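Structural description and commentary
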Amino acid sequence: MFLHLAVIAALFLAQFAASEYIVLMLTRIMVLAIFAIGYNLLFGYTGLLSLGHAMFFATGLYAAALGTTLMGLTVPAAFAFAVLAGLAVSLVMGVITLRASGVAFMIVTLMFSQAAFLTVLYFGEYTRGDEGIVIPDTIRKFAFLGFDVDLANAVLRYNLALAFLGCAIAFSLLIVRSRIGHILIAIRENETRTSMLGYDVQRYKLAAFVMSGTLSAFSGACYALMFAYAGSTLASIQYSIHPLLWTLLGGASTVLGPVLGTGLMFVLVDLASSYTNANLLMIGVVLILLVLFFPKGILGTIRERYWKWLP
Amino acid sequence: MADNRPKKHQEDDAMNGSKLIVPKKPGLSRRKAIKLMGAGAAAGLAAGPGFVRYAQAQSSEPIRIGFQVHRTGIGAAYGRWYERTTTAAAALINEQGGINGRKVEIIAEDDGTDPGRGAEVVEKFATQHKCDVGFGTLFSHVVMGSAPRAGELKLPYYVVSEGHHVASTGLNRYTFQPGITDVKSQVIAMAPWIAKNVGKKVCMIYPDFAFGHDHRDYFSAAIKAQGGDVNALIPIPPTESSFTRYFPQIPADTEVIYHVMVGPAVLTFVKELGEHFGSSHPALFGFIDSLEAVDLKSPGLEFLEGSYLWEAYPRFAGASPKPHDTFYREKVGVDANGASVSDAADISTFSHMFGCWETLFILKRAMESAGYQGPADKAKLIEATEAMTSFAEGNEHPQGDKQFNGKIHQCFGHQNITQVKSGVAEVVYRTTIEEGLYEPEGDYTKMAL
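Residues numbered from 1 in each chain as written. Chains lettered and ligands numbered in written order. Predicted model: local features only at pLDDT ≥ 70, side-chain atom pairs only at ≥ 80, totals over all residues.

1. Some points on the overall build of chain B
The following threshold applies: A run of DSSP states H or I qualifies as a helix once it reaches four residues; a run of E qualifies as a strand once it reaches two. Both are numbered from the N-terminal end. To sort residues by exposure, count the other C-beta atoms lying within 10 Å of each residue's C-beta; 20 or more gives buried, 12 or fewer gives exposed, and values between give partly exposed, all with C-beta atoms placed from the backbone. Each residue is represented by a C-beta atom placed from its backbone, and any two residues with such atoms within 7 Å are regarded as in contact.
Each helix and strand counted, chain B has eleven helices and 17 strands in total. Every one of the 449 residues in chain B was classed for burial, and the buried ones make up 48%. The contacts in chain B between residues at least 6 apart in sequence include a share of 69% that link residues at least 24 apart.

2. Quick word on the overall build of chain A
Counted only if it meets this: We compute the radius of gyration over the C-alpha atoms and compare it with the globule rule, which gives 2.2 Å times the number of residues raised to the power 0.38.
Scanning chain A from N- to C-terminus turns up 14 helices and four strands. Computed over its C-alpha atoms, the radius of gyration of chain A comes to 19 Å, within 12% of the 19 Å expected for a compact globule of 311 residues. Projected onto its principal axes, the C-alpha positions of chain A cover 55 × 45 × 45 Å. Split into buried and exposed, the 311 residues of chain A put 47% on the buried side. Put simply, of all contacts in chain A between residues at least 6 apart along the chain, 76% involve residues at least 24 apart.

3. A look at the sheet that holds strand β17 (residues 424-430) of chain B
Hydrogen bonds along the backbone pair up the strands of a sheet, which may run parallel or antiparallel. Residues and elements named next belong to chain B. We count it as follows: Think of it this way: DSSP has to see at least two bridges between two strands before they count as a pair. Between N-to-C directions, angles span 0 to 180 degrees; the directions come from axes that are lines fitted to C-alpha atoms, helices contributing only their stretch in contact.
One open sheet holds the seven strands; their spatial order is β7-β6-β8-β9-β10-β16-β17, and the pairing between them is mixed. Every other strand in the sheet has two partners, leaving β7 (229-236) and β17 as the edge strands with one partner each. Adjacent strand axes in the sheet meet at a mean angle of 25 degrees when their direction is disregarded. In terms of strand pairing, strand β6 (residues 201-207) meets strand β8 (residues 256-259) through four bridges, oriented parallel. Within the sheet, the bridge partner assigned to Val202 lies in β8 and is Val256. Where helix α7 (residues 210-225) meets the sheet, it contacts β6, β7 and β8, and its direction lies at approximately 165 degrees from that of β6.

4. Describing the interface of chain B and chain A
Rules: Residues are grouped as follows: Ala, Val, Leu, Ile, Met, Phe, Trp, Tyr, Cys and Pro are nonpolar; Asp, Glu, Lys and Arg are charged; all remaining types, including Gly, are polar.
Contacts between chain B and chain A engage 35 residues on the former and 26 residues on the latter. Of all the elements in the fold, those that place two or more residues in the side of chain B that touches chain A are α2 (30-47), β2 (104-110), α4 (115-127), α5 (140-152) and α7 of chain B. Per-element accounting of the side of chain B that touches chain A gives the leading share, eight residues, to α5(B). Across the side of chain B that touches chain A, the residue classes break down as 13 nonpolar, eleven polar and eleven charged.

5. Re the pairing of β8(B)
All names here are of chain B. Taking every second residue as pointing to the same face, both faces of β8 are buried, with Val256 and Tyr258 on one and Ile257 and His259 on the other. In the sheet, β8 pairs with strand β9 (residues 283-287) via four bridges, with the strands oriented parallel. If you follow Tyr258 over to β9, its bridge partner there is Phe285.

6. Comments concerning the domain arrangement of chain B
All names here are of chain B. Condition: Domain borders in the structure are assigned automatically or taken from a domain database.
Segmentation of chain B into domains returns domain 1 (58-181 + 353-413) and domain 2 (184-311 + 418-427). Using only C-alpha atoms to locate each centre, domain 1 and domain 2 end up separated by 31 Å. Here the side of domain 1 that touches domain 2 is built from residues that sort into five nonpolar, three polar and no charged.

7. Regarding the sheet that holds strand β4 (residues 157-158) of chain B
All names here are of chain B. Taken in spatial order, the five strands make up an open sheet running β2-β1-β3-β4-β5, and their pairing is parallel. Two strands lie at the open edges of the sheet, namely β2 and β5 (175-176), each paired on one side alone. For strand β3 (residues 133-135) and β4, the ladder comprises two bridges, and the chain directions are parallel. The partner of Gly134 across the bridge, within β4, is Tyr157. Its contacts with the sheet put helix α3 (residues 76-95) on β1 (63-69) and β2, and the angle it makes with β2 is roughly 165 degrees.

8. Structural notes on the nonpolar core
Taken as a class, soluble globular proteins show a tendency for nonpolar side chains to be buried jointly. The test is simple: A set of buried residues drawn from Ala, Val, Leu, Ile, Met, Phe, Trp, Tyr and Cys, joined through C-beta atoms within 7 Å, is what defines a nonpolar core.
Ranked by internal contacts, the top residues of the largest apolar core, which has 157 residues, are Ile34(A), Leu61(A) and Ala221(A). No other element matches the 18 residues that helix α2 (residues 20-45) of chain A contributes to this core. Looking at which domains feed residues into this core, each of domain 1 (58-181 + 353-413) and domain 2 (184-311 + 418-427) of chain B supplies at least three. Tyr258(B), Leu291(B), Leu301(B) and Tyr308(B) belong to the second-largest nonpolar core, a separate cluster that totals 43 residues.

9. Quick word on the environment of Gly79(B)
Residues and elements named next belong to chain B. Structurally, Gly79 is set in helix α3. Residues Gly79 and Ser369, spaced 290 residues apart in sequence, show a C-alpha to C-alpha distance of 30 Å. In this view, Gly79 contacts Val69, His70 and Arg71; residues no more than four positions away in its chain are not counted.

10. A word on the packing of α2(A) against helix α7 (residues 154-177) of chain A
All names here are of chain A. The line we're drawing: Working definition: roughly parallel below 35 degrees, roughly antiparallel above 145 degrees, roughly perpendicular at 65 to 115 degrees, and oblique for all remaining angles. The sense of a crossing depends on the near helix, which, turned anticlockwise from the far helix by less than a right angle, makes the crossing left-handed and, turned clockwise, makes it right-handed.
Across the interface, α2 lies against α7 with an axial gap of 9 Å and an inter-helix angle of 15 degrees. Comparing their axes, α7 and α2 come out roughly parallel. For the element pair α2 and α7, the recorded crossing hand is left-handed. Contacts between α2 and α7 involve Val23, Leu24, Leu26, Thr27, Met30, Val31, Ala33, Ile34, Ile37, Leu41 and Tyr45 from the former and Ala154, Arg157, Tyr158, Ala161, Leu162, Phe164, Leu165, Ala168, Ile169, Ser172, Ile175 and Val176 from the latter.

11. Concerning α4(B)
Spelled out, the test is: In this scheme, a helix's expected span is set at 1.5 Å multiplied by one less than its residue total.
Here α4(B) is 13 residues long and its end C-alpha atoms lie 18 Å apart, about the 18 Å a rise of 1.5 Å per residue gives. Within α4(B), 13 of the 13 residues are buried, which leaves it mostly tucked inside the rest of the structure.

12. Regarding the pairing of strand β3 (residues 147-150) of chain A
Residues and elements named next belong to chain A. The pairing of strand β2 (residues 141-144) with β3 spans four bridges and is antiparallel. Opposite Phe142, over in β3, you have Val149 as the bridge partner. What sits between the antiparallel neighbours β2 and β3 is a turn of two residues, in which Leu145 has the positive phi angle 50 degrees.

13. What to know about unusual backbone geometry
Residue and element names in this part refer to chain A. A positive phi angle, close to 60 degrees, is found at Ser253, a residue other than glycine. With respect to the helices and strands, Ser253 occurs in the loop between α11 (238-250) and α12 (257-275). Here Ser253 falls in the buried class, since 24 other C-beta atoms lie within 10 Å of it.

14. Here's the deal with the packing of helix α4 (residues 75-97) of chain A against helix α10 (residues 201-227) of chain A
What describes two packed helices is the angle between their axes and the distance between those same axes. Residue and element names in this part refer to chain A. Two elements in contact, α4 and α10, have axes separated by 8 Å at closest approach and are oriented at 145 degrees. Where α4 crosses over α10, the handedness of that crossing is right-handed. Here the contact of α4 with α10 is composed, by residue class, of 18 nonpolar, seven polar and no charged.

Take a look at the structure:
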């Protein structure tokens, strides 16, 4: 718990010490780290490898973007709408996809995600397909609890992203340490035994799926509203692979692993693209080295070797 | 052989009366590798462009132009030529004394033709590289993802995209498209000639995403205004790799097939269209976008013989090119066939890349007009750009003269209709600027700076 608070405090202090660019980059990292934290609940703690989480991210993204631009919702209402949409979509998808397991589960989630991507293109009249939607600055200025909020304000946006990330970490920590979290880990370790002990495994898996999907949708809504853009690229398969990579890099089944992984990957991409067009190759090499030397991700390996208490 | 294992292990073995033979670990140890990676990362941070530098006063620095280039991703072929053109234009501007006595420095960053990364690159230009302007983006979705960031960070952002997004006035006051016309203007300009010379019953085949939808909407309206009719709309899903099953949807009374397919599937598209129709077929009218960086004499493109193409700037110089056309080709390194002078198989994206050249000279003119000295003068630069009204044909504007509408941040120019004859596209009609004009949809100048 102390470590997690320290990370939040460090991120809070970073805005006073870091350059403007780093602050902007950290804002984006924090928003996307929420996506990774959501993914980790399903993959890291429950052991279900989804290849379709772009679908949930896009649900939040488009619920927020279309909610504000077409339906006339205010930003707070759009956040709420995106969470509800994420919850509904992940519930329906969970009921369907959790009938499969293992490789079949991966394929089914991938297929549904691809269908969602094509749906975005199909309804191009509303979504503007690949070109996407720009959310006007006028919409991103609103009054909330007596305060004037402007999401174009970099300082405000940074602290808002930090607050949301703090909530996501706290939520993840709460789940992991609760009875539900222990059952999810039990499912991951031995599903048959957990079932034999009398737990309704399917129900717990569905709960993990819905929590994961809803957090991902919330992250999508944050992305759309904070960076004023929603486009079909953000619903494509690469956004299903990203959270998997971030989680693996930082350490699956650790609360802070996804945050660390997201941050490291951003820095790697940014540094590598400054030197070479083959930046993905460079990143690939680094990932191979990390897999060789940190097979359980950075925090996962640290936990295994040194900090056994790390949640 | 010396036993290098920990002392405890040696003692355990001694007590057990045994001695294990442990092979010496070859190569890099884990600890050494981690140290090396750490050192590498630290060195990268120290030497990396922008992480610790860029704090000097702007006035003594060159004019920094952040070039958002599609080096990788779907736009890489365009990006390669955009970069060559930009480099050539910047070199010429510097030869001529720079801008306001300051040299021009192009700071290029790959955006992967991705709107997410594009937005990050714009942030990097504005806050890390401390660029004076952002420039050069082509693909519409990257423009759409990046423009809000440019507006928010007050980075003047000059795109070379062809999309209608800027002129729609849906972006912001900091985003301009002064060097290339937009798709709405292009189709409006060409529709009268198509209706008069090729046919009035048009079947449109287009990619089922925003770029194709723009063509569908603007051309449908434009041909109707000419007394023509779109008798069928055939959208092709972006994942499609074979097109034969769509061709039976083309009505029998079709006079013109309007095609605007993009990407690597275009060769298959043309080949299959030829196989479907054989020697008797409706007239074809297509956009060169499909065939940029592609040799018109490529196997499979024989079916295009006799067909018409839209080109902003004709790839083939023709028998009597204008002096500024020759000058431009020479500076960029393109021959009279639109290919690289060093490799005839390396076909340029000639109909788009001139936009980079012209935009840089417009930027130079705007900065000089504004007396631009540094970021504090960004508002003056915006207003100076908005105040422009026309650009004369010449070395700085080899594609032709243009009108600029400061209210919608968009230029209007001539369009060319070419016909493919023996694998060479020859100009058959050049539109007037007036044919491509339309009513402004808004006014950026009313937005706050």
